[in-house]
Amino acid sequence: MTETLTQTSEIATMVRSSLEACGVNIDALGGAHEASSPLTGEVLMTLPVNSAEDIHTMIGQAHEAFKTWRDVPAPVRGNLVKRWGELLTEHKDDLARIVTAEAGKIQSEALGEVQEMIDICDFAVGLSRQLYGKTMPSERPGHRLMETWHPLGVVGVISAFNFPVAVYSWNTALALVCGDTIVWKPSGMTMLSALAADALLGRAAKDVGAPENLHKLVLADRTGGQLIVDDPRVALLSATGSVRMGQEIAPRVAQRFGRALLELGGNNAAIVTPSADLDLALRGIVFAAVGTAGQRCTSMRRLIVHESIVEDLTAKLVSAYATLRIGTPLDEENLIGPLINKASFEGMQDAIKSAQEQGGTVLCGGGRVNADGEPGAYYVEPAIVRMPSQSAVVKDETFAPLLYVMTYTDFDDAVALQNDVPQGLSSAVFTNDHAEAERFMSASGSDCGIANVNIGTSGAEIGGAFGGEKETGGGRESGADSWKTYMRQATNTVNFSGQLPLAQGVKFL
Ligand code: UN1
C-alpha cells in the first residue's frame, strides 16, 4: 500500500509539473472534484466544479464572443489554430504525460493522441482558406446562384475519457476556423488533460491577440452537461460517449431544433478471408483489439474468420497475446495499461460470463493482473473468446480488451454477420482477393462509417471523416468535409438582369 501511495504522489508531481508547463495555474485548483489516476486508482488532486450559474454565464460569454469571431476572416481565425498547433508540438510530452496518468494510455499512444491534435490543427489551418461554396447555373438570364458557408454559433463539446483531448481538438480546431466558439465539458475522469489542452489554447489566443471567451472549459458532472445540451444558445452539440447518453441527448437537442453530432458506440469487426496475409492480419488484429486496453470506440471486438483458417489464426493470436506485456504505462516496455476503473473491469468479467453461458469458450485471458501490487488499479489480460454464433453478448459493446471469434463459410454471410449488430462505426477485411475487398467497400458491403482493407479497425487518420451509422449516431467529425456540420449554409440568388423573371416560368404582375 505504501508503495502505491508513493507511486501516486510521484504521478501527482509529474502531472503538476506538466500542467504548469502547459500554462495551468495550479494554485487556483482545488475543490470538490477528485481527479484520480487509473494507474493506482488513487486521487492525484482536487479540482473546482462549475455551478449551474457558472455554466450559464460561460455559455453567454461564448455566445457574445461568437458575434465578434464570426466576422474575423477565416484565414485570420486560422492563425489561432496554427499557434495552438505550435504550442501542442512544443508541449507534446507534457500533455501526453497527463493523458498517460489520467487515461492510462501507454506513452506511445498518448503521444499519438497529441499528434492527432497537431494534425487536425494543420488540417484546420489549411481549411481556413478552403471553406468553399459552390456556384450553380441559374435557370434565369442575368442571375447568379451560389452557396455561402457562414459560422454557426456556439459549439458544445462533450468528450469521453478514452480520447480525452484528441476528439475535443477535432471539434475545436474545425469550429474555430469555421468562426464558432466552444463550450467544452470533458469527461469527469479526464479533467486534468482538459485543463492542459485548454490552457494551451488560451495561450495561443493571447499570442495571436484573439478575442476573449472563444473557448470555455466546464468542469462539471452530467447535470452540468445537461445544461449545455438544453441551452438554446448552443447551436451544435457534439457528443462522444455511450449509446445511452446519445439516446438521452439527441431528442433534447432536437426538441429545441439544435444540431447534434453524435459519436457513440462501436462494435467493430474484421473479416479474415482464406487469401489474407495472416502475419499482417495478426498484427492488425492485435493492435486493434488490445491497443488502449480495448478502450477505443474503434477497438476490434469481433473477428469473423473463414473456417479453413480459424484454427491457425486463433493459435497465432493466442501466442501473440502471451507475449504482450501488461502493466504500468510509465514503463515503456508495457503495451497494455490499466482499464479506466473497477466498473470497466467488472463489465468485462460479466461479458465473459455471459459469453460462456451463450456457448463461448475462452481461448485466453480475462484475469486480473497484479491485483496485490496495485489494488486500486485494474490491469487485465486481454481475452479471446470463441463463439458458436453472434449471440446477444456479442452484439453489445464491452469497453475492454475482449475479442469474440466466429467463423464463416461464404463471404456474403460474413458481411451479413459483420453488419448484423446495432452499431456501425468501424470495420475491416483482411484479404488479397480484389473482388472481396471491393464487395466489402461497396453499397451492399460493410454498413459502417469506416470500412478498411488489410488494416485494423482502429487508428484512423484525421484526414478522413470519422463516425458511423446506426447506434453510432451518424455524426462525422475530423477530416474530409465534416467542417460543414460546424457552419450554416446560405443560398444566394443574385439578379443583375434589370428584369424580374420568376423561376419555374411563373408569371405574376
Ligand atoms: C475514439 O475512440 O473515440 O481511429 C476515437 C482511432 C483514433 C480515434 C478514436 N484515431 O482509433
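Residues numbered from 1 in each chain as written. Predicted model: local features only at pLDDT ≥ 70, side-chain atom pairs only at ≥ 80, totals over all residues. Heavy atoms only, no water.

By the naming in an unreviewed UniProt entry, the protein chain goes by aldehyde dehydrogenase (NAD(+)) and is assigned to Arthrobacter wenxiniae. According to the UniProt record, the Subunit (unreviewed entry) comment for the protein chain reads "Homotetramer." (UniProt positions renumbered as here; feature names shortened; annotations may be inferred.)

A separate point is the pattern of salt bridges. All chains considered together, the criterion is met by 19 salt bridges. For Asp94, the salt bridge identified is with Arg97, shortest N-O distance 3.1 Å. In this pair, Asp94 and Arg97 both sit in helix α4 (residues 92-103), three residues apart, roughly one turn of the helix. Measuring nitrogen to oxygen at the nearest pair gives 2.5 Å for the salt bridge that ties Arg252 to Asp230. Of this pair, Arg252 sits in helix α9 (residues 243-255) while Asp230 sits in helix α8 (residues 222-230), and the two are 22 residues apart along the sequence. Sharing partners across several salt bridges, the network here consists of Arg222, Asp230, Glu248 and Arg252. (Salt bridge = Lys/Arg side-chain N within 4 Å of Asp/Glu carboxyl O. Helix = DSSP H or I, 4+ residues; strand = E, 2+ residues; numbered from the N terminus.)

Right, let's talk about the site of the ligand for a bit. The environment of the ligand is formed by Glu116, Asn162, Phe163, Trp170, Glu263, Arg296, Cys297, Thr298, Ser458, Gly459, Ala460 and Phe466. In the model, an oxygen atom of the ligand is placed 2.7 Å from a nitrogen or oxygen of the Cys297 main chain. Expressed as a share of its isolated accessible area of 320 Å², the protein-covered part of the ligand is 100%. Among the detected pockets, the ligand sits in the largest cavity. Here the shell around the ligand is composed, by residue class, of five nonpolar, four polar and three charged. (Near = heavy atom within 4 Å. Polar contact = N/O pair within 3.5 Å; in protein donor to acceptor, adjacent residues only side chain to side chain. Areas by Shrake-Rupley, 256 points an atom, 1.4 Å probe, with all protein chains shown as cover. 1 Å grid on protein atoms, 1.4 Å probe; cavity = no way out; pocket = protein on both sides within 12 Å on 5 of 7 lines; lining within 4 Å. Sits in = over half its atoms within 2 Å of the grid points. Nonpolar A, V, L, I, M, F, W, Y, C, P; charged D, E, K, R; others polar.)

On to helix α3 (residues 74-90). Helix length check: α3 (17 residues) gives 25 Å between terminal C-alpha atoms against 24 Å at 1.5 Å per residue, within 8%. Considered for burial, the residues of α3 that qualify are Ala74, Arg77, Gly78, Leu80, Val81, Trp84, Gly85, Leu87 and Leu88. Here the buried face of α3 lies against α2 (52-69), α4, α5 (107-127), β4 (143-151), α6 (166-177) and α7 (191-208). (Expected span 1.5 Å × (residues − 1). Buried < 20%, exposed > 50% of the residue type's maximum accessible area, 1.4 Å probe, protein only. Contact = heavy atoms within 4.5 Å.)

Position of Val290 among the secondary structure elements: in helix α10 (residues 278-290). Spatially, the C-alpha atoms of Val290 and Thr13 are 29 Å apart, while their sequence positions differ by 277 residues. When residues no more than four places from it in sequence are discounted, the contact partners of Val290 are Tyr321, Leu324, Ile336, Pro382 and Pro401.

Further remarks concern the side chain of His33. For His33, the location among the structural elements is in strand β1 (residues 33-37). Within polar-contact distance, the side chain of His33 engages the backbone oxygen of Gly188 at 2.9 Å. Not counting residues within four places of it along the chain, the set of residues in contact with His33 comprises Met45, Thr46, Leu47, Val49, Gly188 and Met191.

As a further point, take helix α11 (residues 310-322). With 13 residues, α11 should cover 18 Å at 1.5 Å per step; its first-to-last C-alpha distance of 18 Å lies within 8% of that length. On its buried face, α11 sits against β10 (268-272), α10, β11 (300-306), β12 (361-364), β15 (383-386) and β16 (402-408).

The subject of this paragraph is the pairing of β10. Counting buried residues along β10, five of its five residues qualify, which places the element largely inside the surrounding structure. Here β10 runs beside β11; their pairing, made up of five bridges, is parallel. Counterpart to Ala269 in the pairing with β11 is Arg302. The β-α-β motif built from β10, the intervening α10 and the parallel element β11 has right-handed crossover chirality. Of the strand pairs in this sheet, β10 and strand β18 (residues 426-430) are connected by four bridges, and their pairing is parallel. The residue bridging Ala269 from the neighbouring strand is Ser427, located in β18. (Pairing = 2+ DSSP bridges. Right-handed = clockwise from strand over helix to strand, strands pointing away.)

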